[in-house]
Amino acid sequence: MFSARLRFLARARLTHRPPPCRPLASSSAPLPASSSRLPKYLRRSLYATSALAALYALDREYNASAIIRNLRTFWACAIIALDYKLNFTPETSDRIPALHQRVADRVFDLLTENGGLYIKIGQAIANNAALLPRPMQEKFARLFDDAPQVPYAVVRRVFEKEFGRPPAGPGGVFEVFDETAAASASIAQVHRAKLRTDDGTDHWVAVKVQKPDVSKQVEWDLGAYRLVMWIYEKYLFDLPVYFTVDFISEHLRRELDFELEAQNAMRTAEFVAAEPRLTDRVYIPKVYPELSTKKVMVAEWIDGVRLSDTAGIRSLMGESSTPSPTPLKGGVRAVMQTMVDLFSAQIFQWGWVHCDPHPGNIIIRPHPAHRRTPQLVLLDHGLYVRVDSTFQHQYASLWKGLLAGDWDTIRGVAEKWGIGSPDLFASATLLRPMPMTRADSTGSNMDAMNQYDRSVAMKEKLRSFLTDTDKMPKVLIFIGRNMRIVPGNNQTFGSPVNRIRITGNWAAHSLTAQPGLTLLEILRARYHHVVFLAALVTIDVAFWVSRVRRWVRLHLGLKGEGFEDELERTMRGFAKSNFGVEIAEGAFNGLDGKFGGEPWYGKSTSWNPPGSLCHPLAGASYIGEQ
């Protein structure tokens, strides 16, 4: 019985399980679930931040910050679009000027912060800023194309990549190479160098070196430009802007090919040499194709006075209180006559047009063989457009029709080019009001409208202006740029020449000089040319009345307006009555805006003798982004 009890106790011990141990009660409450996730979120945030920092560093080091620039662009454009959507309403009409100011500030900040090709795009905006709201006109008038120069070590790497040797030193490309750039702009900088010669003579050249970041950024920048224009046209503003993207992008790419720029310069030199009226008055600096690549271009170093230096030009030409010891003949009138002749010949005779004739790209110097004769030196040959004979004939016919009052011809050309407002087109071409009917001259009573209605009416006018963008010659984009800058240059010097008459004469002459005309067609063309010349009498009378009025006012100690000033004043009134746009005074002035004020390097306030290497304008040739 005792053994049976032992077996029972053994079985009970094997089957018994003690109760689980309970922890002692804690005085603190249990942690919430969110606290346990906090370290996980911190780790994820740290990983994400590290990844973004690594991408930022890689983009900056190997991609010239192209992605960051694009993100900056899309953010700014998104804010601008949202601002317009929310605040451009009839109810907020009185706050629309403040809206325009915010947009102008954002666009300007974006362009200057991104630099590079964005400056080029900003220049295009500046050249068309006259029809933009007043805050944008004033903001873009301060857009300069200058930039810090890249260090010499970067320039040396460019040379080693392009030539397989350094700029100077043992085995270098040049005998002497200034490590500090003479000038620096958004896509390139210019250094002064001395060629290696067998006879030991000094040949100084300007060496234009493309900044390495530009080639990495170009396709990203143009891609962003394309996307923004497409969104703005299709979804936001419903204005025809996208049709220009391919044409502008292609020409901006061409500006980055310095071998092509060298070819452009040589071709222009051939045209000048073949034109007796310009051979001695115009000079294209010699380029050295054997020392030029797609990233480096070498051209003759030029001493002279840049056209943007108004005091220096007047001194050189003997028209200032402190003239040069040997002033050149003809005064500023000779300089402006040559300038207008040159660009008129390009458009109407050669079909080969320099599209950046701002005063920073023009130097005046004494002719090397005739020291008292001025010679115009044309620089920066990166941006040209070719125009075919059909366009030349149509454009010349347009100009002749404008001056002779041939409205049928004007309407015919406008229709062929897909332009639905020939009166506005004519006014934009001549930069003077050209109402073709009484209704055109009365305007749209814009002054009676509020800011919102005025902006909407302007938008409708712009939309009706381009009725068929497929027909519009894309070269007009850049030729229009040329035809706005040239009058501005003339305006700055008091309109010493009748720019409209000179241009009209070249246009009319090109119509009589077409090849393949029969004798009867030639006689008929010459007859119409005589009629055209008779029509120019009114232009001449207006010009000389303006000259006399200016002379009298100046001698009375008053401010005197030149012919171009009077045209600008009437254009401002025309734009306000027809578009509701207040154009700032001097908006068409060639020396204001991005090319006025401070030069890229140095100041030119007095004339120094040619050959003086300390002259602040020496070697201004071939600064590619002026």
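Source: prediction; values computed, not measured.

Visitor: Looking at this model, I keep getting lost on the overall build of the chain. Mind explaining?
Guide: Each helix and strand counted, the chain has 21 helices and 11 strands in total. Looking at the 626 residues of the chain, the share that counts as buried comes to 50%. Contacts in the chain between residues at least 24 apart in sequence constitute 70% of all its contacts with a sequence separation of at least 6. In the structure as shown, the chain presents an accessible area of about 30,500 Å², 58% of it carried by carbon and sulfur atoms.

Visitor: Is there a simple way to explain helix H3 (residues 66–87) in this structure?
Guide: Compared with the 32 Å implied by 1.5 Å per residue over 22 residues, the 31 Å span of H3 between its first and last C-alpha is a close match. Of all the residues in H3, the buried ones are Ala66, Arg69, Asn70, Thr73, Ala76, Cys77, Ile80, Ala81, Asp83 and Tyr84. In a view along the axis of H3, the buried residues occupy a sector of 160°, so they form one face of it. Projecting away from the buried face of H3 at angles above 90 degrees are the exposed residues Leu71, Trp75, Lys85 and Leu86.

Visitor: Explanation requested: the pairing of strand E4 (residues 204–210) in the structure shown.
Guide: In summary, the side chains of a regular strand alternate between the two faces of the sheet. Across the 7 residues that make up E4, a large majority, 6, are buried. Looking at chain direction, strand E3 (residues 188–194) and E4 are connected through 7 bridges and run antiparallel. In the strand pairing of E4, Arg192 is matched with Ala206. Pairing of E4 with strand E6 (residues 296–300) involves 5 bridges; the strand directions are antiparallel. Across the sheet, Ala206 pairs through a bridge with Ala299, a residue of E6.

Visitor: Help me understand the pattern of salt bridges, please; the structure alone is not making it clear to me.
Guide: Close approach of charged atoms allows side chains of opposite charge to pair. On inspection of all chains with the given rule, the structure shows 20 salt bridges. Taking the shortest distance from any N to any O, the salt bridge between Lys139 and Asp105 comes out at 3.4 Å. Taken together, the residues span a long stretch of sequence, with Lys139 in helix H6 (residues 134–140) and Asp105 in helix H4 (residues 96–114) at a distance of 34 residues. Overall, Lys139 belongs to the buried group, its relative accessible area being 14%.

Visitor: I'm lost on unusual backbone geometry in this one. Help?
Guide: Comment: phi is negative for the bulk of residues other than glycine, and the bulk of peptide bonds are trans. Its identity is not glycine, yet Asp380 carries a phi of approximately 55°, on the positive side. Mapped onto the fold, Asp380 is located in the loop between strand E10 (374–378) and strand E11 (384–386). Residue class for Asp380 comes out buried when judged on its relative accessible area of 2%. One non-glycine residue, Ser495, lies in the positive phi region at around 55°.

Visitor: So what exactly am I meant to see when it comes to the nonpolar core here?
Guide: The nonpolar side chains of a soluble globular protein tend to be buried with one another. Counting 109 residues, the largest nonpolar core has Leu307, Met339, Tyr395, Trp399, Trp417 and Ile479 as the members making the most contacts within it. Residue contributions to this core peak at 11 residues, all from helix H12 (residues 331–350). Listed in part, the 19 residues of the second largest apolar core include Phe159, Ala168, Phe177 and Leu291.

Visitor: Mind showing me how you'd approach the sheet that holds strand E5 (residues 282–283) here?
Guide: Through backbone hydrogen bonds, the strands of a sheet pair up, either in parallel or in antiparallel fashion. Strand order in the open sheet formed by 4 strands is E5-E10-E9-E7, with mixed pairing between adjacent strands. At either margin of the open sheet sits one strand with a lone partner, and together these are E5 and strand E7 (305–306). Bridge analysis of strand E9 (residues 362–366) against E10 gives 5 bridges, and the strand direction is antiparallel. Along E10, the bridge assignment pairs Ile363 with Val377.

Visitor: Sorry, what's going on with the packing of H3 against H4 here?
Guide: Helix-helix packing is described using two parameters, namely the angle between the two axes and the distance between the axes. Interhelical geometry of H3 versus H4 gives an angle of 175° and a closest axis separation of 10 Å. The orientation of H3 relative to H4 falls into the category roughly antiparallel. Residues Arg69, Arg72, Thr73, Ala76, Ile79, Ile80, Asp83, Tyr84 and Asn87 of H3 lie in contact with H4, whose contacting residues are Ile96, Leu99, His100, Arg102, Val103, Arg106, Val107, Leu110, Glu113 and Asn114. Class assignment for the residues of the contact of H3 with H4 results in 9 nonpolar, 4 polar and 6 charged.

Visitor: Honestly, the pairing of E10 in this entry has me stumped. Any pointers?
Guide: In terms of burial, E10 is largely enclosed, as 5 of its 5 residues are buried. In this structure, E5 lies alongside E10, joined through 2 bridges in parallel fashion. Bridge pairing in E10 places Tyr283 opposite Val377.

Visitor: Is there a simple way to think about the packing of aromatic side chains in this case?
Guide: For any pair of aromatic rings, the description rests on two quantities: the centre-to-centre distance and the angle between the ring planes. In this structure the tally under the stated criterion is 15 aromatic pairs. Judged by centre distance (5.2 Å) and plane angle (10°), the ring pair of Phe271 and Trp350 falls under stacked. Remark: Trp350 occurs in helix H12 and Phe271 occurs in helix H10 (residues 258–273); sequence separation between them is 79 residues. Pairing Phe391 with Trp417 gives two aromatic rings, centres 5.3 Å apart and planes at 15°, and the pair type is stacked. Here Phe391 is found in helix H13 (residues 389–404), whereas its partner Trp417 is found in the loop between helix H14 (407–416) and helix H15 (422–430), with 26 residues between them in sequence. On the basis of relative accessible area, Trp417 is assigned to the buried category, the value being 2%. Every member of this aromatic cluster is reached through a ring pair, and the members are Tyr152, Phe159, Phe163, Phe174 and Phe177.

Visitor: How should I be thinking about the side chain of Asp303 in this particular structure?
Guide: Secondary-structure assignment places Asp303 in the loop between E6 and E7. Look at Asp303: it is buried, it has no salt bridge, and the nearest opposite charge is Arg192 at 6.6 Å. In terms of polar contacts, Asp303 uses its side chain to reach the side chain of Trp301, at 3.3 Å.

Visitor: Mind showing me how you'd approach the environment of Pro97 here?
Guide: In this structure, Pro97 sits in helix H4. Linking Pro97 and Gln451, residues 354 residues apart in sequence, is a C-alpha distance of 7.8 Å. For Pro97, the contacting residues outside a window of four places in its chain are Pro135 and Gln451.

Visitor: I keep staring at a nonpolar patch on the surface and nothing clicks. Help me out?
Guide: A contiguous nonpolar surface patch, about 730 Å² in accessible area, is contributed by Ile67, Leu71, Phe74, Trp220, Leu227, Trp230, Ile231 and Tyr235. Broken down by secondary-structure element, the contributors of at least two residues to the nonpolar patch are H3 and helix H8 (212–236). With 5 residues, the single largest contributor to the nonpolar patch is H8. Looking at where Trp230 falls in the secondary structure, it is placed in helix H8. Assessed through its relative accessible area of 33%, Trp230 is described here as partly exposed.

Definitions and limits used
- Residues numbered from 1 in each chain as written.
- Predicted model: local features only at pLDDT ≥ 70, side-chain atom pairs only at ≥ 80, totals over all residues.
- Heavy atoms only, no water.
- Helix = DSSP H or I, 4+ residues; strand = E, 2+ residues; numbered from the N terminus.
- Buried < 20%, exposed > 50% of the residue type's maximum accessible area, 1.4 Å probe, protein only.
- Contact = heavy atoms within 4.5 Å.
- Areas by Shrake-Rupley, 256 points an atom, 1.4 Å probe, with all protein chains shown as cover.
- Expected span 1.5 Å × (residues − 1).
- Arc of directions from axis to C-beta.
- Pairing = 2+ DSSP bridges.
- Salt bridge = Lys/Arg side-chain N within 4 Å of Asp/Glu carboxyl O.
- Core = buried A, V, L, I, M, F, W, Y, C linked by side-chain atoms within 4.5 Å.
- Axes fitted to C-alpha atoms, helices over the stretch in contact; angles between N-to-C directions.
- Parallel < 35°, antiparallel > 145°, perpendicular 65-115°, else oblique.
- Nonpolar A, V, L, I, M, F, W, Y, C, P; charged D, E, K, R; others polar.
- Phe/Tyr/Trp six-rings, centres within 6.5 Å; stacked < 30°, edge-to-face > 60°.
- Lys, Arg positive; Asp, Glu negative; His and termini not counted.
- Polar contact = N/O pair within 3.5 Å; in protein donor to acceptor, adjacent residues only side chain to side chain.
- Patch = residues over 30% accessible without salt bridge, like charges linked within 9 Å, V, L, I, M, F, W, Y side chains within 5 Å.

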